[in-house]
Amino acid sequence: MSHDAYICPECGTTYPLASLAFRCACGGLLDAAPFEVVFPPSGDYAGERSVFRYRQAMPPFAGDNAALDASWRRVTMGEGLTPLLPLDPTDPGVLVKVDYAMPTLSFKDRGAAVLVSAAAAAGARRLVQDSSGNAGASVAAYAARAGMSCDIFVPDSCSPRKVAQIEAYGARAVLVPGSREDTAAAALDAAESGARDGSTFYASHVYNPFFYQGTKTYVYEIFESLGGRLPDTLYIPLGNGTLLLGAYYALKDLRGLGLITAYPRVVAVQAEGCAPVFRAFASGGAAVVPVANSGTEAEGIAIAAPMRGSRVLAAIRELGGEVAIAPESGIDAAKKTVAYRGFYVETTSAATFASFFRRRAAGIDEGLVVLPLCGAGLKSA
Ligand SMILES: [Zn+2]
């Protein structure tokens, strides 16, 4: 099997990256074909100041390694390597990772930088994507950087600031009436008709496995920041699972390399108003049953029917993790508490803290905890 490939976990079919395939003929979502992971970074990579510091832990892109290096060096904007700091300077037991300190002000740049580099190496000239906002802005920025045209489908309820940011990069924002799922369906139609021209790449952070190869750098960075160890507990917001699955891959890598002997406690957080994975986890089911979004302030994780839901469930169980709820009534207060410590985050990012604060108030001792600050407050206010 070529290493430069996607593989379908349902039926085992492989597709070369240059095919621009975005799902299997059987309907399965694609993974990256197995590849060798090198970590910690060595050689020139050890001095790289972006997520491509961990390039040796990512799959090959289309073509050879020289093509890979050429594509990411053109696309990177120095994303990643974000600060890891105490939330409160007097409490060293609660650390935040300042992941809004990125080119487009959200953690999604980790995934978009890698995904767009892979698309460039595969010969894509046009990107299509759907998003509730942050991933769209991120892909739009990196598409501009790579010199590609870009269409981003967003729900028409999307924050006007996020739409303005997408358009600022020269991308076309296509506003779709209805739910987040209606937006995804419209983007999929565009990707399927565009795929026939041989140059359109469906740059979906849900469909394309390279996005997770970018988000996994979140955990590598924490490991390096803490001097070669992980915290006792990682809180991770959970909508589609873009950060959760990235963290899962990184934790598997670190354990496979013998750098950790046990997984940290992983607490995946869903919003009370839209918590399909929480329900499935609690009921012991293997599949996520779509729910009706009853309304949540945390719009960025309000995914009623996560496409990789069963994968996410299996990952959390394999890690021995759990799924927690962010109480809607606590999100605004959490946002304020975090801002009073100097960190202005968007409402969705505050949801993770709402869950953490409630659990801590209930007396749950989780040791050294790391929580992400995923998106900047200016995006949603
Ligand atoms: Zn298949």
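So, here's what we can say about the structure. Everything numeric here is computed off the predicted structure, so don't read it as measured data.

**Section: the coordination of the zinc ion**
- Taken together, Cys8 (SG), Cys11 (SG), Cys24 (SG) and Cys26 (SG) make up the full set of protein donors to the zinc ion, lying 2.3 Å away.
- Along the chain, the residues donating to the zinc ion fall in the pattern C-x2-C-x12-C-x1-C. Here Cys26 lies in the loop between strand E2 (14-16) and strand E3 (31-32) and Cys8 lies in the loop between strand E1 (5-7) and E2, a separation of 18 residues in the sequence.
- By relative accessible area, Cys8 is classed as buried at 1%.

**Description of the packing of helix H2 (residues 108-121) against helix H3 (residues 134-146)**
- Orientation of H2 relative to H3, taken along the N-to-C sense of each, is 40 degrees, at an axis distance of 9 Å. With respect to H3, the axis of H2 lies oblique. Handedness of the crossing formed by H2 with H3: right-handed. For the pair H2 and H3, the contacting residues are Lys108, Asp109, Ala112, Ala113 and Val116 in the first and Asn134, Ala135, Ser138, Val139, Tyr142, Ala143 and Ala146 in the second.

**Concerning the sheet that holds strand E11 (residues 265-271)**
- A sheet is described by the order of its strands in space; here 6 strands give the open sequence E4-E5-E13-E10-E11-E12, paired in mixed fashion. Each of the sheet's edge strands pairs with one partner strand only, and the pair in question is strand E4 (84-88) and strand E12 (322-326). Neighbour-to-neighbour, the strand axes of this sheet turn through a mean angle of 35 degrees, independent of strand direction.
- Across 4 bridges, strand E5 (residues 91-97) lies against strand E13 (residues 369-372) in parallel orientation. Directly across from Leu95, in E13, lies its bridge partner Val370.
- Across the face of the sheet, helix H8 (residues 242-256) comes into contact with strand E10 (233-237), E11 and E13 while running at roughly 145 degrees to E10.

**Here's the deal with the pairing of strand E8 (residues 172-176)**
- The pairing of strand E7 (residues 149-155) with E8 spans 5 bridges and is parallel. When the sheet's bridge partners are listed, Asp151 is paired in E8 with Arg172.

**A word on the pattern of salt bridges**
- All told, the structure shown has 19 salt bridges when counted by the stated rule.
- Across the pair Asp31 and Arg308 runs a salt bridge whose closest N-O atoms are separated by 3.4 Å. Taken together, the residues span a long stretch of sequence, with Asp31 in strand E3 and Arg308 in the loop between helix H9 (276-283) and helix H10 (309-319) at a distance of 277 residues. Here the two residues Asp31 and Arg308 agree in accessibility, since each one is buried.
- What emerges from the salt-bridge pattern is a single network uniting Lys97, Asp99, Arg110 and Glu221.

**Looking at the sheet that holds E3**
- Pairing within the open sheet is antiparallel, and its 3 strands lie in the order E2-E1-E3. The strands lining the two open edges of the sheet, one partner per strand, are E2 and E3.

**With respect to the packing of aromatic side chains**
- Under the defined criterion, the tally for this structure stands at 14 aromatic pairs.
- For the pair Tyr6 and Phe210, a centre-to-centre distance of 5.9 Å together with 75 degrees between the ring planes defines the contact as edge-to-face. Placement of the pair is Tyr6 in strand E1 and Phe210 in helix H6 (residues 210-215), with a sequence separation of 204 residues.
- Ring geometry for Phe353 and Phe357: centres 6.0 Å apart, planes at 50 degrees, overall tilted. Taken together, the residues Phe353 and Phe357, both in helix H12 (residues 347-361) and 4 residues apart, mark about one turn of the helix.
- Between the NZ or CZ atom of Arg255 and the centre of the ring of Tyr263, over which it lies, the distance is 4.7 Å.

About the thresholds
- Residues numbered from 1 in each chain as written.
- Predicted model: local features only at pLDDT ≥ 70, side-chain atom pairs only at ≥ 80, totals over all residues.
- Heavy atoms only, no water.
- Donors = N, O, S within 2.8 Å, 3.2 Å for Na, K, Ca; no water.
- Helix = DSSP H or I, 4+ residues; strand = E, 2+ residues; numbered from the N terminus.
- Buried < 20%, exposed > 50% of the residue type's maximum accessible area, 1.4 Å probe, protein only.
- Axes fitted to C-alpha atoms, helices over the stretch in contact; angles between N-to-C directions.
- Parallel < 35°, antiparallel > 145°, perpendicular 65-115°, else oblique.
- Left-handed = near helix turned anticlockwise from the far one by under 90°.
- Contact = heavy atoms within 4.5 Å.
- Pairing = 2+ DSSP bridges.
- Salt bridge = Lys/Arg side-chain N within 4 Å of Asp/Glu carboxyl O.
- Phe/Tyr/Trp six-rings, centres within 6.5 Å; stacked < 30°, edge-to-face > 60°.
- Lys NZ or Arg CZ within 6 Å of the ring centre and 35° of its normal.

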